[in-house]
Amino acid sequence: MIVIGAGPAGLRAAEALVRGGVRPILIDEAEQPGGQIYRQPPRGAARPPEALYGFEAKKAVAVHAILARLGDAVDYRPRTLVWNVSGQRIDTLGPAGHRVLDFERLVIASGAMDRVLPFPGWTLPGVFTLGGAQIALKAQGVSVGRRVAFVGAGPLLPLIAYQYAKAGAEIAAVLDVTPFSAKLKHAPGLLAEAGTFAKGLWYTLRNAAAGLTVHSGVRAIGVEGEGRVHGLWWRDAAGTRHSVACDAVGASFGLRSETQLADLAGCAFMFDAVSRQWVPQRDGTGRSSVPGVYLAGDGAGIGGADVAELQGERAALAVLEDVGKRADAARAIALDRKLARQARFRDALERAYPYPSHLLDDIADDEIICRCEGITAGTLRAAASERDAHEINRLKAFTRIGMGRCQGRVCGHAAAEILARTPGKDIASVGRLRGNPPVKPIPVGGLP
Ligand SMILES: Cc1cc2nc3c(=O)[nH]c(=O)nc-3n(C[C@H](O)[C@H](O)[C@H](O)COP(=O)(O)OP(=O)(O)OC[C@H]3O[C@@H](n4cnc5c(N)ncnc54)[C@H](O)[C@@H]3O)c2cc1C
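Residues numbered from 1 in each chain as written. Predicted model: local features only at pLDDT ≥ 70, side-chain atom pairs only at ≥ 80, totals over all residues. Heavy atoms only, no water.

(A) Seen up close, the sheet that holds strand β10 (residues 147-152). Pairing is parallel in the open sheet, where five strands are placed in the order β9-β16-β10-β11-β12. Every other strand in the sheet has two partners, leaving β9 (127-128) and β12 (214-215) as the edge strands with one partner each. When β9 meets strand β16 (residues 248-252), the two strands line up parallel, connected through two bridges. Considered in β16, the bridge of Val127 is made with Val249. (Pairing = 2+ DSSP bridges. Helix = DSSP H or I, 4+ residues; strand = E, 2+ residues; numbered from the N terminus.)

This is how it looks when you write it as C-alpha cells:
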C-alpha cells in the first residue's frame, strides 16, 4: 500500500491505514512532512509554531506529530519524487536513486500549486507566485523583496499580505482582481464554515488596521522594469491606471490541483466549470475510476487543509474496506457528514473568487505564455486559427506548449484559455494537456 504525499491528506491516510493494521509506504519529495500549508523550515532553523502558522499552529503541530507517533509503523520515504505511475507500479527517485515499486493500493494525495496567469512583465526576475513568496517566508524566513506588491484572487492574498507585513516587509500594494460584489454575493455560503470565514475577515481587518488598502476588482496588471522588477501598474474597475514602485511582486490566481499522477494512473477526469479546471473524478469516499487507486486532498480538487485531512482518512477507510480489513464504519459516516458541510463552503469560496480568465482577453501577441520554451500568445493564436489546432494537445504538437520542464503545470491553464478564445470554442471543449512521465525533471543517469 502506497500513499503519495505527506501533506495533511497523505498523513491522515497513512495514520488510518496503520490503525487498520497496514504498514503503508508514504512517499514525499519534501524533506519533512507537512505539505504546503504546514511546511516546516529546514532542520535547525526552529521558529515557534505560532510564529509560522498563526491560527493554524495547533493543527500544524498535530499533523507534524503523526509520523513521530507512528514511528516504524509507516515506511516513510522523504526526499523521494514519484515521477511515473504505470499500471500497478510507480517509479521513484530518492536518496537511494531510482526505484520501481509495485502497489496493490495507491492513495494519491499530491496537493496543489499556484495557478499562474501571464501578464506583461511576469517573467521578470523578482516576480514570484503568492505561494512561492509565502514559502520563502515560511520555510526560509526571508522576504522576496524590500518593497513587495501582491496581486491575486482568493483567500491566500490577504493572508500573505498580512504575513509579510507582520514580518516587517514594506507592502507597496495589495491588488485583488476579484470584484467586491462577488465576495459579498457569496458571503452567506461562506458562513457554512463560520470559523474559517471569521479568520479571513480577521486578516482583512488587521491589514486595514495596519494601513494596507486592498484594491478590489482590478482589471489589468503589468510589471515594469528592465532586468528586474521596478514597479507595478494596474487598472481599477473604472479603467483608471495606477502605479507603484516595488522591487518584488507576488502574483497568482487561486490554486490548481497536481493531477499528473492521477492522469498517469489512468483516472477519468471531469471538467469543473466553477474553477475552470479539469480534475480527476472521485466519489465521496475517495475511490477513483481505477480500481485500487484512491484520491485525497487538493490533488483532486481544491478543498483546503481541513478537507484534505478528512479526505485522507476517508480514502484510507475505503482502502481498508476494499481489502477486507476492519474499517471503522461509524467514523466513515461522521467523515462523510463533515465533508458534505465543507463542500457547501468550498463551492461558495470558488464562486466568491472566480478564476480571473478575463486577464487574458487582451494579452498581446508578443507576451510569453510558456516560459520553458519561449512560446508567445501570438504563436498559440496563429496555430489555433491557421493550423486548426482545436484541442490543447494538438496545439502542443504544433507549438511545443506544455512540452518543457513544467510539463504545462505553469502554462497549461493560460494556453487553454487562449485557445478557448478562438471562434467556436469554449474552455471545456479544448480539453486538457495529457500527463507524461517524468512529471517533473529528473536526471537521466541511473534510470532503471
Ligand atoms: C504554495 C501554497 C501555499 C499555501 N498556503 C496556505 C496557507 O497559508 N493557508 C491555507 O489555509 N492554505 C494554504 N494552501 C493550501 C493548502 O496548503 C492545501 O489546501 C493543503 O495543504 C492541502 O493538503 P494536501 O495534503 O492535499 O496537499 P499538500 O499539503 O500540498 O501536500 C501534498 C504533498 O505531496 C507531495 N507531492 C506532490 N507530488 C509529489 C510527487 N510527484 N512525488 C512525491 N511527493 C509529491 C508534496 O511534496 C506535498 O508534500 C497553500 C497551497 C499552496 C500550493
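(B) Region of interest: the pairing of strand β14 (residues 231-235). Counting buried positions over the five residues of β14 gives four, a clear majority of the element. Pairing of strand β13 (residues 220-224) with β14, which is carried by five bridges, proceeds in the antiparallel orientation. Within β14, the residue paired with Ile221 across the bridge is Trp234. Between β13 and the antiparallel strand that follows it, β14, lie six residues; Gly225 among them carries a positive phi value of about 150 degrees. Relative to strand β15 (residues 241-245), β14 runs antiparallel, the two sharing five bridges. Looking at the pairing, Gly231 lines up with Ala245 of β15. In this antiparallel pair of consecutive strands, β14 and β15, the connection spans five residues, and Gly239 shows a positive phi of 90 degrees. (Buried < 20%, exposed > 50% of the residue type's maximum accessible area, 1.4 Å probe, protein only.)

(C) Quick peek at empty space enclosed by the protein. A full pass over the atoms with the stated rule returns one cavity of 30 Å³ or more. Considered as a void within the structure, the largest cavity measures approximately 420 Å³ in volume. Around the largest cavity, the lining is made up of 26 residues, and of these Arg256, Thr259, His413, Arg432 and Leu433 lie nearest the centre. Broken down by secondary-structure element, the contributors of at least two residues to the lining of the largest cavity are β17 (255-257), α9 (260-264), β18 (269-272), β19 (277-280) and α14 (412-420). By residue number, the principal contributor to the lining of the largest cavity is α14, which donates four residues. Each residue belonging to the lining of the largest cavity can be placed in one class, and the counts come to eight nonpolar, eleven polar and seven charged. (1 Å grid on protein atoms, 1.4 Å probe; cavity = no way out; pocket = protein on both sides within 12 Å on 5 of 7 lines; lining within 4 Å. Points joined across faces, edges and corners; volume = space filled by probe spheres on them. Nonpolar A, V, L, I, M, F, W, Y, C, P; charged D, E, K, R; others polar.)

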